[in-house]
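# Per-entry structural report
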Amino acid sequence: MAQDFGNFINGEWVEAVSGDTFESRNPADRNEVIGAFARSGAADVNRAVEAAAGAYPEWMATPVPERADYLLRAGLILEQRRDELAEIMTREMGKTLKESRADLQEGIDFAFYMAGEGRRFFGDTIPAELPNKIYMTLRHPVGVVGLITPWNFPIAIPLWKIAPAVVSGCTSVFKPAEDTPLCAALLVDIFREVGLPPGVLNLVNGYGADAGAALVDHPGIKAVSFTGSLEVGRMINEKCASTMKRCSLELGSKNALIVMPDAELDLAVEASAWGAFATSGQRCTATSRLIVHDDIRGPFTDRLLDRVSKMKVGNGLDPDVELAPVINEQQKDRVLEYIAVGQKEGATLMTGGEELTGDEHANGYFIAPTVFDDMTPDMRIATEEVFGPVTGIMRVDSVDEAIAAANGVDYGLSCAIYTHDITNVFKAAQQLEFGIIYANAPTIGAEIQVPFGGMKNTGNGHREAGPQALDEFTEWKTIGIDYSGKLQRAQMR
Ligand code: UN1
């Protein structure tokens, strides 16, 4: 069932200029080849940026509702093909079929939502201080943009960027992660099918070091939208700073779930297991710290371990599997290294901690769900993003201590508190340094109509999803209209 794709440039599928390709393989069974894809470099990026620049004048002049209609049509096709594409996603990226369907659903929801925004591309009207004069604000597209996306949400996250870029009137060059090129190609092909004009959305597949870097460096790119690691985000930020490009970064995190003594314990345990181990912990919203009040730490830990012991680890196509493989060998090694670091630092390994290598796991990258206890704030496993099925319990004795512990990292995407005490909830809402805060809901599972993004090293102030998504791809223009028929001087009172 392997499918091969080239790059999509100016409305056509084309090979890489060099003719080079790379393979995508199934992380649950590395013998399964998903397909071969164009291995692109600067020459391909150049062609794609030229195509996007060529399409820009006409596209930015196209009425916004008309631009938005393409999203509606693409969303309808995605909806029809949801189950078929979810299976491909599970084969390519590894996560369970249910989660792949949810990824597609998140993309569909956002395509429909942004299609609606096309009829609501509002600005403001603002009275002037002078008579017979009025102001209004209009959104103006940023221009040609570069979209660089990760492998953990191979359809949803690309749509978080493509959909607002399309509505805003930007044209784009999309460089998806090298681990999920088929999902990206199939998504782009749907935009071809609905007749999106050539050059509005171009796809360049390949590796970050060549295709990604060439895109960020290209002078024709006016803004870069990137989701991925802090390390790469920092490089992109530096490059964009010196060339005065806009860039919006959605980077790592070290999310926490706080459990207070009055929490409904079973609920907190279920949310912890889901938040820590869904997508094998490979979400930037994953619960990698469990900050637990000491009064209930014993029963909480027992119940969590019991819950984790029931998790079946295996191929995401098996409906009984809760924990699927991690994405690739490098990531598997990295996660195992963090587990070793945690043990060396003195955290207590309660369960998991090893790679699974039995018959059904022999050809994939499977790591047992891993829970540490006695994690302390200074440990690397308590401060650095692991991006794997690993979580750790930290002890606290009050809500203030819990909030301070949660805030004690350089990241700030998502934090949850389990409590029925309204004072704790509002204290957390006010004091937590996180972009997303939940009371009695897990750290994962943000919905598309609300702004998504984080504080500190998680990003650089932008938000994706929600109405704010348009701010990433538009500039505000202020228009002042004087109909007094004379020269009026502001502030000259
Ligand atoms: C991510 O991991 O980068 O909130 C995105 C969630 C999902 C999105 C995660 N809706 O967990």
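Structure: above.
The paragraphs below set out a description of the structure included in this document. Because the structure is a prediction, the values reported are computed rather than measured.

The next thing to look at is the overall build of the chain. Broken down by element type, the chain carries 14 helices and 21 strands. Against the globule reference of 23 Å for 493 residues, the chain gives a C-alpha radius of gyration of 24 Å, in line with a compact fold. Its C-alpha atoms give the chain principal-axis dimensions of about 75 × 65 × 40 Å. With 493 residues in all, the chain has 58% of them scored as buried. Considering only contacts in the chain between residues 6 or more positions apart, those separated by 24 or more positions represent 74%. Split by element, the accessible area of the chain, about 19800 Å² in all, is 50% carbon and sulfur. Across the chain, the mean location of the 44 positive side-chain charges is 6 Å away from that of the 69 negative side-chain charges.

Reported here for the largest pocket is a volume of approximately 1500 Å³. For the lining of the largest pocket, the secondary structure elements donating two or more residues are strand 3 (21-26), helix 7 (208-217), strand 10 (223-227), helix 8 (230-243) and helix 11 (329-345). Sort the elements by how many residues they give to the lining of the largest pocket and helix 8 lands first, with 6 residues. When the residues that make up the lining of the largest pocket are grouped by side-chain class, the tally is 23 nonpolar, 13 polar and 13 charged. The two domains that each donate at least three residues to the lining of the largest pocket are domain 1 (3-251 + 459-478) and domain 2 (255-439).

With that settled, the discussion passes to the nonpolar core. Nonpolar side chains tend to gather and get buried jointly when the protein is soluble and globular. Formed by 100 residues in total, the largest nonpolar core has its most connected members in F110, M114, F191, V259, F300 and L304. Among all residues touching L304, those that are not within four sequence positions of it are V269, S272, A273, L290, V371 and I393. Core analysis: the next-biggest nonpolar cluster, separate from the first, contains 30 residues, I339, V386, M394 and L432 among them.

Pairing within the open sheet is antiparallel, and its 3 strands lie in the order 5-6-21. Of all the strands in the sheet, the pair left with one neighbour each is strand 5 (125-127) and strand 21 (474-482). Within this sheet the neighbouring strands show an average axis-to-axis angle of 25°, counted without direction. The pairing of strand 6 (residues 133-141) with strand 21 spans 9 bridges and is antiparallel. Looking at strand 21, one finds that M136 is bridged to I479.

Our next topic: a nonpolar patch on the surface. A contiguous nonpolar patch, built from I134, M136, L138, I481 and Y483 and spanning about 440 Å² of accessible area, is present on the exposed surface. If one sorts the elements of the nonpolar patch by residue count, strand 6 sits on top with 3 residues. Position of I134 relative to the elements: it lies in strand 6. For I134, a relative accessible area of 36% corresponds to the partly exposed category.

Before going further, it helps to spend a moment on the pairing of strand 18 (residues 414-418). When you tally the buried positions in strand 18, you get 5 out of 5 residues, the bulk of the element. Alignment of strand 12 (residues 255-259) against strand 18, held across 4 bridges, turns out to be parallel. Bridged to I258 within strand 18 is I417. Relative to strand 19 (residues 436-439), strand 18 runs parallel, the two being bridged by 4 bridges. Along strand 19, the bridge assignment pairs C415 with I437. With respect to chirality, the unit in which strand 18 leads through helix 14 (residues 422-431) into the neighbouring parallel strand 19 is right-handed.

Another aspect to go through is the sheet that holds strand 19. If you trace the 7 strands from one edge of the open sheet to the other, you get 14-15-16-13-12-18-19, paired in mixed fashion. Of all the strands in the sheet, the pair left with one neighbour each is strand 14 (348-351) and strand 19. Direction aside, the axes of adjacent strands within the sheet are offset by 20° on average. In terms of strand pairing, strand 14 meets strand 15 (residues 370-373) through 3 bridges, oriented antiparallel. When the sheet's bridge partners are listed, L349 is paired in strand 15 with F372.

About the cut-offs
Residue numbering note: each chain is counted from 1, following its sequence as written. At least 70 in pLDDT is required for a residue's local features to be given in this predicted model, at least 80 for side-chain atom pairs to be given and counted, and no such filter applies to totals for whole chains, interfaces and linings, which use all residues. Derived side-chain values reflect all non-hydrogen atoms in the structure, with water molecules and hydrogen atoms excluded from consideration. Labels follow the DSSP assignment, with helices taken as runs of H or I lasting at least four residues and strands as runs of E lasting at least two, numbered in each case from the N terminus. A radius of gyration in this sense is built from C-alpha atoms; the matching globule rule multiplies 2.2 Å by the number of residues raised to 0.38. Think of it in three bands: with a 1.4 Å probe and only protein chains considered, a residue is buried below 20% of the maximum accessible area for its type, exposed above 50%, and partly exposed in between. The contact criterion used is simple: two residues touch if any of their non-hydrogen atoms lie within 4.5 Å. Surface accessibility follows the Shrake-Rupley procedure with a 1.4 Å probe radius. Residue values consider only the protein chains on display as shielding. For the purpose of charge, His is not counted, nor are the chain termini; Lys and Arg are scored as positive and Asp and Glu as negative. Working definition for charges: the position is that of NZ of Lys, CZ of Arg, CG of Asp or CD of Glu. Using only the protein atoms, space was sampled on a 1 Å grid; points where a 1.4 Å probe fits but cannot get out form cavities, open sets with protein on both sides within 12 Å along at least five of seven lines form pockets, and lining residues are those with an atom within 4 Å of a point. Grid points are joined across faces, edges and corners, and a volume is the space filled by probe spheres set on the points. Under the convention adopted here, Pro, Cys and the residues Ala, Val, Leu, Ile, Met, Phe, Trp and Tyr are nonpolar, Asp, Glu, Lys and Arg are charged, and Gly plus all remaining residues are polar. Each domain's extent was defined by an automatic or database domain assignment. Note on terminology: a nonpolar core comprises buried Ala, Val, Leu, Ile, Met, Phe, Trp, Tyr and Cys residues joined through side-chain atoms within 4.5 Å. Strand pairing is assigned whenever DSSP detects at least two bridges linking the two strands. To get an axis, fit a line to the C-alpha atoms, keeping to the stretch in contact for a helix; angles then go from 0 to 180 degrees between the N-to-C directions. Residues with no salt bridge and a relative accessible area higher than 30% make up the patches, which join like charges within 9 Å and nonpolar side chains (Val, Leu, Ile, Met, Phe, Trp, Tyr) within 5 Å. For this analysis, a salt bridge means a side-chain nitrogen from Lys or Arg found within 4 Å of a carboxyl oxygen belonging to Asp or Glu. Handedness of a crossover: with both strands directed away from the viewer, a clockwise path from the first strand across the helix to the second marks it as right-handed.

As far as function goes, none of this settles anything; it's purely spatial.
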